[in-house]
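Examining the three-dimensional arrangement
The residues making up each chain are set out below.
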Amino acid sequence: MTHIPEDHPRYASLITRERIVEGVQMGITSQQGLVAQGRGEAFDYLIGERTIGSAAIAERVAVAYLLTAQRPIISVNGNTAALVPGALVSLSDVTGAQLEVNLFHRSDARMHRIIEHLKAHGAGKVLGSKGDARLDLSHDRGIVDQEGIYAADVVLVPLEDGDRCQKLVEMGKIVIAIDLNPLSRTSLSATVTIADNVTRALENMIQFTKEMKKDSKKQLQAIIDSYDNRRVLADAMYAIQEHLKNQAGREGIEWI
Ligand code: PTJ
């Protein structure tokens, strides 16, 4: 990794870049994953590189869904495996949700490397390599495990590419997306959209799970029932607008 000094003003962002590049070099992340990360970075910049209030609400609701689910699954792709392997394993541990590797650019070698990478970060069983069930999709993201995503009632899909999210919702599943673009197809079709960087979102969710684990089913259900995803999407768009306005104001640029 290139040495990034901790006092660099863009330290967190540069470290994230290094991790994703390392993921490509290790054969975990696809080259296309670099482009996806760049898009995420741009949206993170627009939103102010912070967890906005409505994203924290969505993160709590996501935790409530995971804790009340019968068969919760955390879907892992090449980007999340490189960026947040330890946090994926911790979230799986605290919520009881199983990890399943599911790739758009699928190959046996990548599947194997990602599963081993998660295991090196403490994961026990990792699903995904059986691929014994199929979602009605014409690409490899449709290949899933029967006992995993196929049978799940709640699926967490960080950094998704749209049509699988829609398909899972059509199948009657609760889909939780983590996507910094509040206007992506994934964001618009998920049950719960977390417009936050996956690096912050997972850490928040681990913390919230520890707090909410003692809540009763009734309390968790009340959190779920009070949730409105459209309002959360609208708030993310508003937050981007306000952040840009403030930025312009600081630079003496008139907002027209
Ligand atoms: O590993 P694979 O083969 O399964 O491929 C994974 C990628 C990410 C390449 C694939 O799913 C893809 O192409 O995704 P998209 O269509 O680029 O969508 C990724 C979405 O996630 C975009 O809306 C980005 O803005 C968003 N995003 C990217 N990085 C982050 C992010 N959201 C949160 N945190 C990030 N770090």
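These numbers were taken from a predicted model, which means no experiment stands behind them. (Residues numbered from 1 in each chain as written. Predicted model: local features only at pLDDT ≥ 70, side-chain atom pairs only at ≥ 80, totals over all residues. Heavy atoms only, no water.)

1. Considerations on the overall build of the protein chain
- On a plain count of helices and strands, the protein chain comes out with 11 helices and eight strands.
- Its C-alpha radius of gyration of 18 Å places the protein chain within 12% of the 18 Å reference for a compact globule of 256 residues.
- Counting across all 256 residues of the protein chain, residues that qualify as buried make up 51%.
- Of the contacts formed within the protein chain by residues at least 6 apart in sequence, a portion of 64% connects residues at least 24 apart.
- If you average the places of the 29 positive and of the 33 negative side-chain charges in the protein chain, the two averages end up 4 Å apart. (Helix = DSSP H or I, 4+ residues; strand = E, 2+ residues; numbered from the N terminus. Rg over C-alpha atoms; globule rule 2.2 N^0.38 Å. Buried < 20%, exposed > 50% of the residue type's maximum accessible area, 1.4 Å probe, protein only. Contact = heavy atoms within 4.5 Å. Lys, Arg positive; Asp, Glu negative; His and termini not counted. Charge placed at Lys NZ, Arg CZ, Asp CG, Glu CD.)

2. Considering the nonpolar core
- Core analysis: the biggest nonpolar cluster contains 48 residues, and Val 101, Ile 176, Val 192, Ile 194, Leu 202 and Met 205 have the highest contact counts within it.
- With eight residues, helix α3 (residues 53-68) is the single largest residue contributor to this core. (Core = buried A, V, L, I, M, F, W, Y, C linked by side-chain atoms within 4.5 Å.)

3. Focus: the packing of α3 against helix α10 (residues 217-225)
- Interhelical geometry of α3 versus α10 gives an angle of 135° and a closest axis separation of 9 Å. Regarding the angle of α3 to α10, the classification is oblique. Judged by the sense of rotation from one axis to the other, the crossing of α3 with α10 is left-handed. In this structure, α3 uses Arg 60, Val 61, Ala 64, Tyr 65, Leu 67 and Thr 68 to contact α10, whose residues at the interface are Lys 217, Leu 220, Ile 223 and Ile 224. (Axes fitted to C-alpha atoms, helices over the stretch in contact; angles between N-to-C directions. Parallel < 35°, antiparallel > 145°, perpendicular 65-115°, else oblique. Left-handed = near helix turned anticlockwise from the far one by under 90°.)

4. So, the site of the ligand
- In the neighbourhood of the ligand, 25 residues make up the surrounding shell, with Gly 78, Phe 104, His 105, Arg 141 and Asp 179 lying closest.
- At 2.9 Å, a side-chain N or O of Arg 39 approaches an oxygen atom of the ligand.
- His 105 places a polar main-chain atom, nitrogen or oxygen, 2.9 Å from an oxygen atom of the ligand.
- For the ligand, whose unbound accessible area comes to 740 Å², protein coverage reaches 94%.
- For the shell around the ligand, the secondary structure elements donating two or more residues are α2 (31-47) and α4 (78-83).
- Here the shell around the ligand gets six residues from one element, more than from any other, and that element is α2.
- Here the residues of the shell around the ligand are counted per class, giving seven nonpolar, 11 polar and seven charged. (Near = heavy atom within 4 Å. Polar contact = N/O pair within 3.5 Å; in protein donor to acceptor, adjacent residues only side chain to side chain. Areas by Shrake-Rupley, 256 points an atom, 1.4 Å probe, with all protein chains shown as cover. Nonpolar A, V, L, I, M, F, W, Y, C, P; charged D, E, K, R; others polar.)

5. Some remarks on the pattern of salt bridges
- Applying the stated criterion to the full structure yields 11 salt bridges.
- A salt bridge links Arg 200 to Asp 44, with the shortest nitrogen-to-oxygen separation between them at 2.7 Å. Of this pair, Arg 200 sits in helix α9 (residues 198-212) while Asp 44 sits in helix α2, and the two are 156 residues apart along the sequence. Asp 44 carries the same exposure label as Arg 200, and that label is buried.
- Each of Asp 44, Asp 196 and Arg 200 takes part in a single network of salt bridges with overlapping partners. (Salt bridge = Lys/Arg side-chain N within 4 Å of Asp/Glu carboxyl O.)

6. Considering the packing of aromatic side chains
- All chains considered together, the criterion is met by zero aromatic pairs.
- Seen from the ring of Phe 208, Arg 60 lies directly overhead, with NZ or CZ sitting 4.1 Å from the centre. (Phe/Tyr/Trp six-rings, centres within 6.5 Å; stacked < 30°, edge-to-face > 60°. Lys NZ or Arg CZ within 6 Å of the ring centre and 35° of its normal.)

7. Details of the environment of Ala 58
- Mapped onto the elements, Ala 58 comes out in helix α3.
- Distance from Ala 58 to Ala 201, taken between C-alpha atoms, is 9.7 Å for residues 143 residues apart in sequence.
- Every residue in contact with Ala 58, bar those within four places of it in the chain, is listed here: Val 192, Thr 193, Ile 194, Tyr 227 and Val 232.

8. Observations concerning the packing of helix α5 (residues 85-95) against α9
- Following both chains from N to C, one finds α5 and α9 inclined at 20°, their axes separated by 9 Å at the closest point. The angle between α5 and α9 places the two elements in the roughly parallel class. As for the relative orientation of α5 and α9, their crossing is left-handed in sense. From α5, Ala 87, Leu 88, Ser 90, Leu 91, Val 94 and Thr 95 reach across to α9, where they touch Leu 202, Glu 203, Met 205, Ile 206, Thr 209 and Lys 210.
- In the contact of α5 with α9, the residues fall into seven nonpolar, three polar and two charged.

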